[in-house]
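One-letter residues, chain by chain:
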Amino acid sequence: MAESITIIDNRSGEQIEVPIINGGIDADEWGKLLPNIWFYDPAFGHTASCASAITELDGEKGILRYRGYPIEQLAEQSTYLEVAYLLINGELPTPEAYDTWVHDITYHTFLHENVRKKFMDGFHHDAHPMGVLVSTIAALSTFYNDAKNINEPEDRYKQIVRLIAKMPTMAAGAHRHSVGMPFVYPDNNLDFASNFLSMMWKVAEPKYEPDPVLSRALDVLFILHADHEQNCSTTAMRVVGSSLADPYVSTAAAAAALYGPRHGGANEAVVRMLTEIGSIDNVGEYLRRVKAGETRLQGFGHRVYKNYDPRAKIIKRTADEVFEVTGKNPLLDIALKLEEVALADEYFLSRKLYPNVDFYSGLIYQAMNFPIDMFPVLFAIPRTSGWLAHWVELLARDSRIARPRQLYDGVPQRDYLPLGQR
Ligand code: CMC
């Protein structure tokens, strides 16, 4: 059977055969036969916006791989910083390259004092930490003029290191500001996740010693959230990056896209939902309301996964390890019951709605004492490496500026009536 499709223009009888390459067809070929006839695909549900060699996701089979490595192996054996290197450079680092990378990230964790004192301290006391984070990332653009040199590999490397390194510092700073606690400077003797925990929770002790189980759990969560191919925020990164804007404002745009409840805000919505349900006795009634279309089952369903999200399986295991240290999150029983009942229900099965990464991550964050407002921030920290990997790939492949078309369905031409005649 030919690996191609034939498009026939029934108005003229003209036809064109387009090869199917790598699961897609080249829209330029369509354009040759049918100029000015656009694909109508709001939300890009059927559009491959780019070719990419970073993350492979097969939603039907429940497969997720970074640069070919299964997410399960990375979560088990790697570290977040090694995964960040892998995503950006395409290969796992040699021991020497790894040491240099970890050293470079560790020694760029400090913020310029003006970023902290003038910007971060300037926000209102109850500012949402995600709003603070988005704005502060954008503000970094004004501190590093070399960020504009996006075609210089050395300058590009510097901004990548700065962004990955400073995200935890800005994230923890946003939290400390919102609770009126003094800012904690990075501790370069700690690993990436432990340093973040230190900046979050240190009070008066000379050195903060995080529980190694919690540090490792956070690092695993960072690995799981590091990339997820062309999701909403990565698309924002690519769209803004395609205008050749600098990586700080591009990352700020990506983080802004992550802020919404349909994307990075979903784990927050899960915890609020479980709190609202309140008891396993109310699970049946809640699912009735979901099926009646009155509300959604937060943390369920995914645009791409039509199977169990592989990240959700790993997170469930991580949750058990964390609860051994922190005690069980009382909302866990409600979550388990919801999952059990939903996965036996025709409504969810027929729509292929399974738990996604956010169904359990919020419970872990809550057990680790992170306030709900910090959940999207915790997502943004590791996703920064994914965004940057896509940005590097976009520049390397010399992509054109993103500029989709539209189908205009507004009012046709009409004449202007002066104000007094309307
Ligand atoms: N609860 C109940 N019904 C649902 C849900 C849900 N969570 N998700 C989808 N459906 C139904 C939907 O009503 C529709 O039914 P019908 O065909 O009868 O109209 C059908 O399933 C298809 O839904 P859709 O809205 O076309 O799916 P989508 O691909 O546009 O939306 C989604 C994907 C993730 C936004 C959606 O599943 C959702 O809102 N889930 C809850 C929020 C959530 O957990 N988001 C986190 C996503 S994973 C993390 C990330 O990538 O950021």
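The written sequence of each chain sets the order in which its residues are numbered from 1. Per-residue local features are limited, in this predicted model, to residues with pLDDT of at least 70; the limit for side-chain atom pairs, both in listing and counting, is 80 or more; totals at the level of whole chains, interfaces and linings are taken over all residues. Hydrogen atoms and water are omitted, and side-chain values are computed over all heavy atoms in the structure.

## Focus on the site of the ligand
Taken together, 18 residues sit near the ligand, with His263, Arg296, Leu297, Gly299 and Arg303 positioned nearest. When the ligand is considered free in solution it has 940 Å² of accessible area, and contact with the protein chains removes 71% of it. Here a residue is near a molecule or strand as soon as one of its heavy atoms is found within 4 Å of it. Here the open area of atoms and residues is found with the Shrake-Rupley method and a 1.4 Å probe, where only the protein chains shown may cover a residue.

## Let's talk about helix α13 (residues 283-291)
Residue burial is assigned from relative accessible area. The probe radius is 1.4 Å, only protein chains are included, and a residue is buried under 20% of its type maximum, exposed over 50%, and partly exposed in between. A run of H or I in DSSP counts as a helix once it spans at least four residues, and a run of E counts as a strand once it spans at least two, with each numbered from the N terminus. For α13, the full list of buried residues reads Val283, Tyr286, Leu287 and Val290. For α13, the buried positions fall inside an angular range of 95° around the axis, keeping them on one side. Should any heavy atoms of two residues lie within 4.5 Å, those residues are considered in contact. The inward-facing, buried residues of α13 abut α12 (266-277), α15 (332-342) and α16 (346-350). Backbone geometry just after α13 places glycine 293 at a positive phi near 80°. Directions from the helix axis toward the C-beta atoms define the arc.

## A word on the domain arrangement of the chain
Where interface size is given, it is often the accessible area lost as the parts come together that is meant. Reported domain spans reflect what an automatic or database domain assignment gives. Partitioning the chain into domains gives domain 1 (4-58) and domain 2 (71-402). Using C-alpha coordinates to define each centre, domain 1 is positioned 34 Å away from domain 2. Facing 11 residues of domain 1, the contacting portion of domain 2 comprises 14 residues. Here domain 1 meets domain 2 over a buried area of about 1,000 Å², counting both sides, of which 61% is carbon and sulfur. Any carboxyl oxygen of Asp or Glu within 4 Å of a side-chain nitrogen of Lys or Arg constitutes a salt bridge here. Scanning the region where domain 1 abuts domain 2 turns up 0 salt bridges. By the criterion applied in these results, polar contacts are pairs of N or O atoms within 3.5 Å in which, for protein atoms, one can donate a hydrogen and the other can accept it, and in which residues neighboring in sequence qualify only through two side-chain atoms. For the interface between domain 1 and domain 2, the tally reads 4 residue pairs in polar contact (both at pLDDT 80 or more). Its residues assigned to classes, the side of domain 1 that touches domain 2 comprises 7 nonpolar, 4 polar and no charged. The term buried area denotes the loss of accessible surface (1.4 Å probe radius) that occurs when two parts are joined, taken as the sum for both partners. Charged means Asp, Glu, Lys or Arg here, nonpolar means Ala, Val, Leu, Ile, Met, Phe, Trp, Tyr, Cys or Pro, and polar covers whatever is left, Gly included.

## Section: the pattern of salt bridges
Tallied over the entire structure, the rule returns 25 salt bridges. Residues lysine 32 and glutamate 29 are paired through a salt bridge, measuring 2.8 Å at the closest nitrogen-oxygen approach. Pair noted here: lysine 32 and glutamate 29 are both in helix α1 (residues 27-33), with a separation of 3 residues, about one helical turn. Across the pair glutamate 113 and arginine 116 runs a salt bridge, and its minimum N-O distance is 3.2 Å. Of this pair, glutamate 113 and arginine 116 both sit in helix α5 (residues 113-119), 3 residues apart, which is roughly one turn of that helix. We classify glutamate 113 as partly exposed; its relative accessible area is 29%.

## Side note on the pairing of strand β4 (residues 63-66)
Where burial is concerned, the two faces of β4 differ: the one with Leu64 and Tyr66 is buried and the one with Ile63 and Arg65 is not. Where strand β3 (residues 55-58) lies against β4, 4 bridges are found, and the strand directions are antiparallel. The residue bridging leucine 57 from the neighbouring strand is leucine 64, located in β4. In short, DSSP must find at least two bridges between two strands for them to pair. Bridge count for β4 against strand β5 (residues 69-70) is 2 bridges, and the pairing is antiparallel. Looking across to β5, one finds that tyrosine 66 is bridged to tyrosine 69. If you look at the hairpin formed by β4 and β5, you'll find 2 residues sitting between the two strands, and arginine 67 has a positive phi there, around 50°.

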